[in-house]
Amino acid sequence: MTTMKSVRTGAVGKVEVVDVERPTPGPKDALLRIRACGICGTDVTFLHMGGMPFGPGGSMISVPLGHEPAGEIVEVGAEVSGLKAGDRVVVNPQGAPSGIIGCGGRLGGMSDYLLIEDAVVGKSVAVFPDHVPFDVAALNEPMAVARHCVNRSEAKPADKVVVFGAGPIGLGATIWLKLRGVEHVVVADVIPERLETALAIGADAVINSATEDVTARLTELHGQAANALGQPRAGTDIYIDAAGAPAVFNATIASAKWKAKLVMVAVQKKSDAIDLGGMLRSELTLIASQGYPTEIFEVTAEIAEHHERFARLISHRVPFSEVEHAFELTMTPGAAEKVVVTFDGQA
C-alpha cells in the first residue's frame with residue numbers, strides 16, 4: 001500500500017499528521033498533488049471543538065482538514081476530459097460527492113495528494129496559468145467567499161463603502177470592490193498592521209476602531225447624511241461585516257443613514273446587545289452572505305490577472321514539515337493574518 005501524509009483534527013486545539021492510503025483515481029476521477037493549502041477560520045473552529053459532532057450521540061470524531069488547496073494534476077481517469085497531467089488547478093471543495101472537502105467530508109486538502117471525484121473542469125476544478133504561484137492560487141476559495149459578499153452588496157461605482165475586519169475575507173472584499181470600480185472604500189480594524197495591508201491592497205482610507213470614533217471618521221470621509229428621523233448620520237451607503245463582532249453591528253447602527261445596507265459575511269458571535277430600534281430608524285437592510293453559490297471559479301481568472309495584489313494577503317508561508325506550527329499561528333489571536341502551507345518547499 002502506498003501511503004501519504006494527511007492532517008486531521010486531534011485532541012482539542014491540536015492537529016494530527018497521519019499516514020493514510022494514497023488514493024487511486026477511478027475512470028471519472030483525477031489525482032491532484034497538493035502544492036499549497038490555506039488555513040481558514042473554519043479549520044480553527046474544528047480544532048477548538050476537537051473534530052465534528054458526527055459520532056454517536058453527537059460525539060466528536062476526527063475529520064480531515066484543508067478546503068483551500070491548489071496543486072498539480074498527476075493522473076486522470078480514462079473518462080475525464082479537459083484535464084491532463086501537469087495542469088495546475090484549484091478545487092471546489094463543495095463539488096465532491098463524498099462530502100465537502102476539509103469540512104466534514106471524507107477527503108481533506110491538507111494532504112500530499114487529493115482525489116478529485118468526478119473531475120469536471122468548471123465544476124470540481126479550474127485550471128490556472130503557470131505564472132501564478134501555488135500559494136496565491138490557494139486563495140481561490142476564500143476569495144470566492146469575499147466575491148459573493150460583494151456581489152450580494154450590489155455595490156455600484158458611486159457607492160461609499162466601509163469594510164469592518166481586515167482579515168483575508170475583508171481584504172478580499174476590498175480588492176473586489178475596487179476592481180468593481182467602487183469609488184471609495186474604507187477598512188476598519190483594531191490591528192495597525194492589518195490596516196497597513198488594507199492601504200497596500202487599495203483601500204482609500206482606514207479607521208482604527210480601537211482608537212477612533214467610527215461615526216465621526218465615516219462622516220469626515222463620506223459626508224453627512226441622516227436617518228429616517230432626520231438625525232445626522234454618516235453618508236456611507238454599504239457596511240460590510242467581515243469581523244463578526246457585536247461591536248460591528250452597533251457601530252453600523254450608530255452610523256447608518258436612511259436606507260443603508262449591511263452585508264454580513266463573517267460568522268457571528270452571539271449577542272443580545274444589538275439595537276433593533278436603531279436598525280428601524282435607519283431602515284437598515286441586513287443582507288446575509290454565505291459561501292459562494294456561483295463564485296468559486298468566477299474569481300480564478302481575476303486572481304491570476306492580479307496575483308501580485310492578492311499575494312499581499314498572505315502573512316505566513318509555512319512548509320508542510322512544520323504544519324503543526326502553521327495551525328498554532330492561525331489559532332493565536334493577532335499572530336497571523338493568512339497562513340498558507342506549502343508542500344515540497346514550493347509556493
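You'll find the structure just up there.
Residues numbered from 1 in each chain as written. Predicted model: local features only at pLDDT ≥ 70, side-chain atom pairs only at ≥ 80, totals over all residues. Heavy atoms only, no water.

1. Examining the overall build of the chain
- Within the chain, the regular secondary structure consists of eleven helices and 17 strands.
- Here the C-alpha atoms of the chain give a radius of gyration of 21 Å, agreeing with the 20 Å that 2.2 N^0.38 yields for 347 residues.
- Based on the C-alpha atoms only, the size of the chain along its principal axes is roughly 70 × 45 × 30 Å.
- The buried share among the 347 residues of the chain stands at 53%.
- Long-range contacts, defined here as pairs at least 24 residues apart, represent 66% of the contacts in the chain between residues at least 6 apart.
- Charge centroids of the chain, computed over 30 positive and 41 negative side chains, lie 4 Å from each other. (Helix = DSSP H or I, 4+ residues; strand = E, 2+ residues; numbered from the N terminus. Rg over C-alpha atoms; globule rule 2.2 N^0.38 Å. Buried < 20%, exposed > 50% of the residue type's maximum accessible area, 1.4 Å probe, protein only. Contact = heavy atoms within 4.5 Å. Lys, Arg positive; Asp, Glu negative; His and termini not counted. Charge placed at Lys NZ, Arg CZ, Asp CG, Glu CD.)

2. What about the pairing of strand 4 (residues 69-76)?
- Judged from the seven bridges that link them, strand 3 (residues 30-38) and strand 4 form a sheet pairing that is antiparallel. Pairing of I34 across the sheet is with G71, part of strand 4.
- Across three bridges, strand 4 lies against strand 5 (residues 88-91) in antiparallel orientation. Opposite E72, over in strand 5, you have R88 as the bridge partner. (Pairing = 2+ DSSP bridges.)

3. Remarks on the sheet that holds strand 10 (residues 205-208)
- Strand order in the open sheet formed by six strands is 10-9-8-13-14-15, with parallel pairing between adjacent strands. Of all strands in the sheet, those bounded by a partner on one side alone are strand 10 and strand 15 (285-288). Along the sheet, successive strands turn relative to each other by an average axial angle of 20°, direction set aside.
- Alignment of strand 8 (residues 160-164) against strand 9 (residues 184-189), held across five bridges, turns out to be parallel. By the bridge assignment, V161 is partnered in strand 9 with V185.
- Contacts from helix 5 (residues 192-200) reach strand 9 and strand 10 within the one sheet, and its direction differs from that of strand 10 by about 170°.
- Helix 6 (residues 214-222) rests against strand 8, strand 9, strand 10 and strand 13 (238-241) of the sheet, and its axis sits at about 165° to strand 10. (Axes fitted to C-alpha atoms, helices over the stretch in contact; angles between N-to-C directions.)

4. Describing helix 6
- Buried residues of helix 6: V214, R217, L218 and H222, and no others. An end-on view of helix 6 places all buried positions within 110° of arc, on one side of the element.
- By the N-cap criterion, in which a side-chain oxygen at the helix start approaches the backbone nitrogen of a residue two or three places on, helix 6 is capped by D213, the distance to T215 being 3.1 Å.
- Among the residues trailing helix 6, G223 stands out with phi positive, at a value near 85°. (Arc of directions from axis to C-beta. Polar contact = N/O pair within 3.5 Å; in protein donor to acceptor, adjacent residues only side chain to side chain.)

5. Let's talk about the layout of surface pockets
- Here the second largest pocket is characterised by a volume of approximately 220 Å³.
- Lining the second largest pocket are 14 residues, and of these M4, V20, E21, R106 and L107 lie nearest its centre.
- Counting only elements with at least two residues in the lining of the second largest pocket, the list comes to strand 1 (3-9), strand 2 (15-21) and strand 6 (113-116). (1 Å grid on protein atoms, 1.4 Å probe; cavity = no way out; pocket = protein on both sides within 12 Å on 5 of 7 lines; lining within 4 Å. Points joined across faces, edges and corners; volume = space filled by probe spheres on them.)

6. Here's the deal with the side chain of N140
- Structurally, N140 can be placed in helix 3 (residues 140-153).
- Excluding its chain neighbours within four sequence positions, the residues that come into contact with N140 are V90, I296, F297, V299, T300 and I303.

7. Examining the environment of G41
- Structurally, the position occupied by G41 is in helix 1 (residues 41-49).
- Overall, the relative accessible area of 47% leaves G41 in the partly exposed class.
- Sequence-wise, G41 and G172 are 131 residues apart; in three dimensions their C-alpha atoms are separated by 15 Å.

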